[in-house]
Each structure stands twice: as structure tokens, then as C-alpha cells.
Amino acid sequence: MVIILKSRNINEGAKKLLQKIKDLGLETSVIEGESKTIIGIVGDTSKLDPSKLEANKEVEKVMYIQEPYKKANRFFHPEDTIVDINGVKIGGKKIALIAGPCSVESKEQIEEIASEVKLHSAGILRGGAFKPRTSPYSFQGMELEGLELLKSAREKTGMPIVTEIMSTSMIEKFVEDVDIIQVGARNMQNFDLLKELGKIDKPILLKRGLSATIEELLMSAEYIMAGGNNNVILCERGIRTYENYTRNTLDLSAIPAIKKLSHLPIIVDPSHAAGKAWMVEPLSKAAIAVGADGLIIEVHNDPANALCDGQQSIKPEEFKNLVEELKIIANAVGREI
Ligand code: PEP
Ligand code: MN
């Protein structure tokens, strides 16, 4: 971090500021220039609050040299993190395939879809039990009953399960029942939830917020990791732009950017990004080509009658064909499915 002072030399106020910084165990180096003074600070600058520093009357400007996230930063952790979910890995050479319906609707529905996607190489089953819907009048999910059905599909297929959490009150239950806890786009900056999820030892699938920058996504990951839970999987699921042909705009550039900035695995959700079933294939291919570690895809056995997101759900046989196509792309970029 660099602090630029208004004065060209270290006055009494600046001395006090320097002492405060040193008292926090940080090293400082001072350059007195023609018209301004620059203080370089080395050490764990997360101890410093930039808004408080900027409020100091001696200070002209505060500049970050390094990103504000530390634990999620590749600079401090150069090797890729691989999250292991009962033997299914996310972040290694193998592309992780997560598939299943938007929502759990019945025992038959979830078990049938689970066994189909498993047959076609999916390693993890998705299914919403608690649904964050824009309208309070839309189907809100089967809630605890849905969770039970998801567990029975896990029992039948042996696939780990991922489902979305919406409230801190459900954490204990999810720790007990679920293999990966999903934090949806709408809760990416629910800091109370993130802090509580930092205290547990369960993989977290953190989806990018609807209008969140890459840095905000990484800061949310930092919230979880700051509590001691390093098992974070990031997910690009499209962001709000002025374009409304698609439900969201898939930010493919976020994948190489996040790979450069962070060691955490990053997967792509082409279903919620596009909002159109026919776009799932090209976007999935593109995601793997740019370096995604996996995909989370909505698959439904009867999209026309799905209770949620049928328009973006592909059928199991389409998932099968998609996986065949993806194997070629994965091979071309040195990955495997
Ligand atoms: C979901 O995965 O079911 C979901 C609601 O996604 P998002 O939070 O990305 O909108
Ligand atoms: Mn959905």
C-alpha cells in the first residue's frame, strides 16, 4: 500500500500517522518529493482501514499495490486449490460436471435425473430445495422435503449433492445433509451468511452476484476463508448488462482473470447465464476452452413442465451429447472429462 501525503515533508501530523502504522507491526519507507511525500507500507495491510487513512487530514490519497484479498490471492498461494468432495475433485486436470434440475420436484423426478446424468459422466448432483425466486408467488422449492429427496437420490446413485442455502439458520442442517453448500448469486454479499460458512468445514460453491465485480466475488470468498474454511469453489453464472437477449451475460473473461488472480477453482453455469437451453452447449464449450474447472448444468427430464427454469434446462439425452462434445474441447486444452 502507498499513502501520498499532502505536504512535501514529514510534519508532526505525518509523524503520528507513521507511528500508528508502525505500531501495527508494519514497515514503512518514506520518500520526500518536490511537492508531496510518499509512504510505502509493507506487511499485512489488511490491518489498515483505507477509509480511515483517507480521512486523515495529512493524507491526499491511498493506493493499493496488492489486491485487498489475501487468502484467496494466488500471490500468497501459487498452487491451484483442489477441492475434494468425497473423492470427486474440483480444480484438478479433470473437468467437474455438476448436473441436475433447478429444483427438486418429486422422488421420481430427482432419482430419474440423477441416474441419467450419472450415466453420462456427471460427478455431482445439483437440485434446489430452497429456491430464491424473484416473485413470492413462484414455486419456492420443496424445502426440507426436497432436501430429503436429494439425499435419497444420493443414496441411490452415490453422487455427492449440492444445494443452495438461503439462511444462517439452516447451516447446521446443511452441514449434516449436504456435500457442497451453494451460496446463490443473490446471497453473494450476505456477509453474515458468509462469515458463518467460514466457521464450518464444508465445501462452499460461491456464485458470482448479479452485478458483482470479480474483485467483489473474491472478497466474498475471502469472507469465508478468513473464518478458516478454505474449501471455496467459485462460479461464474453471468452478470447483468444492458443486453437482454440472454438472461444474463456470461463473462467468459472472468475465468482467465480469476485463474490469474486466485488459486481457487472456478466453474461456469451456462444455464443461468444464458437462460436458454440451446445456448448451454456453445457456452459450455467456450467455458472449458477458456480454462473453467467445471460446469454446473440444469438438466430436467421434462423441461416443458418443470416448476422452475424449464426454458434453460436440457434433457438427459442432450446432456449425454453435450458431454461427448465437451470431451473433444477438454482434450484440446489439456484437460479431461
Ligand atoms: C441456482 O443455481 O439454482 C440459482 C438460483 O442460481 P443463481 O444463484 O446463479 O441465480
Ligand atoms: Mn435455476
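Up top you'll find the structure we're talking about.
One structure accompanies this document, and this report is about it. (Residues numbered from 1 in each chain as written. Chains lettered and ligands numbered in written order. Predicted model: local features only at pLDDT ≥ 70, side-chain atom pairs only at ≥ 80, totals over all residues. Heavy atoms only, no water.)

## Remarks on the overall build of the protein
The number of helices and strands found in the protein is eleven helices and 14 strands. Principal-axis analysis of the C-alpha atoms places the extent of the protein at approximately 75 × 45 × 40 Å. The buried share of the protein, reckoned over its 337 residues, is 53%. In the protein, 69% of the contacts between residues at least 6 apart in sequence involve partners at least 24 apart. When the accessible area of the protein is evaluated, it comes to approximately 15500 Å², of which 51% is carbon and sulfur surface. Each charge class in the protein was averaged separately, 43 positive and 48 negative side chains, and the resulting centres sit 4 Å apart. (Helix = DSSP H or I, 4+ residues; strand = E, 2+ residues; numbered from the N terminus. Buried < 20%, exposed > 50% of the residue type's maximum accessible area, 1.4 Å probe, protein only. Contact = heavy atoms within 4.5 Å. Areas by Shrake-Rupley, 256 points an atom, 1.4 Å probe, with all protein chains shown as cover. Lys, Arg positive; Asp, Glu negative; His and termini not counted. Charge placed at Lys NZ, Arg CZ, Asp CG, Glu CD.)

## Notes on the sheet that holds strand β4 (residues 59-63)
Read across the sheet, four strands follow the order β2-β3-β1-β4 without closing on themselves; strand pairing throughout is antiparallel. The sheet is open, and its two borders are formed by β2 (27-32) and β4, each paired with just one other strand. Strand-to-strand twist in this sheet, taken as the mean axis angle between neighbours without regard to direction, amounts to 20 degrees. (Pairing = 2+ DSSP bridges. Axes fitted to C-alpha atoms, helices over the stretch in contact; angles between N-to-C directions.)

## Describing the nonpolar core
Here is a general trend for soluble globular proteins: nonpolar side chains tend to be buried in one another's company. The biggest cluster of nonpolar side chains holds 68 residues, and the ones touching the most others in it are I165, L197, L206, L234 and F319. With sequence-adjacent residues up to four places away left out, L197 is seen in contact with I165, I171, I181, V183, I204, I224 and N229. (Core = buried A, V, L, I, M, F, W, Y, C linked by side-chain atoms within 4.5 Å.)

## Side note on the site of ligand 1
Every residue lining ligand 1 is accounted for by R126, K131, E164, Q182, G184, A185, R186, K207, R237 and H272. Between an oxygen atom of ligand 1 and a main-chain N or O atom of A185, the distance comes to 2.7 Å. Within the side chain of R237, one N or O atom sits 2.6 Å away from an oxygen atom of ligand 1. For ligand 1, the accessible surface in isolation is 290 Å², of which the surrounding protein chains cover 97%. (Near = heavy atom within 4 Å. Polar contact = N/O pair within 3.5 Å; in protein donor to acceptor, adjacent residues only side chain to side chain.)

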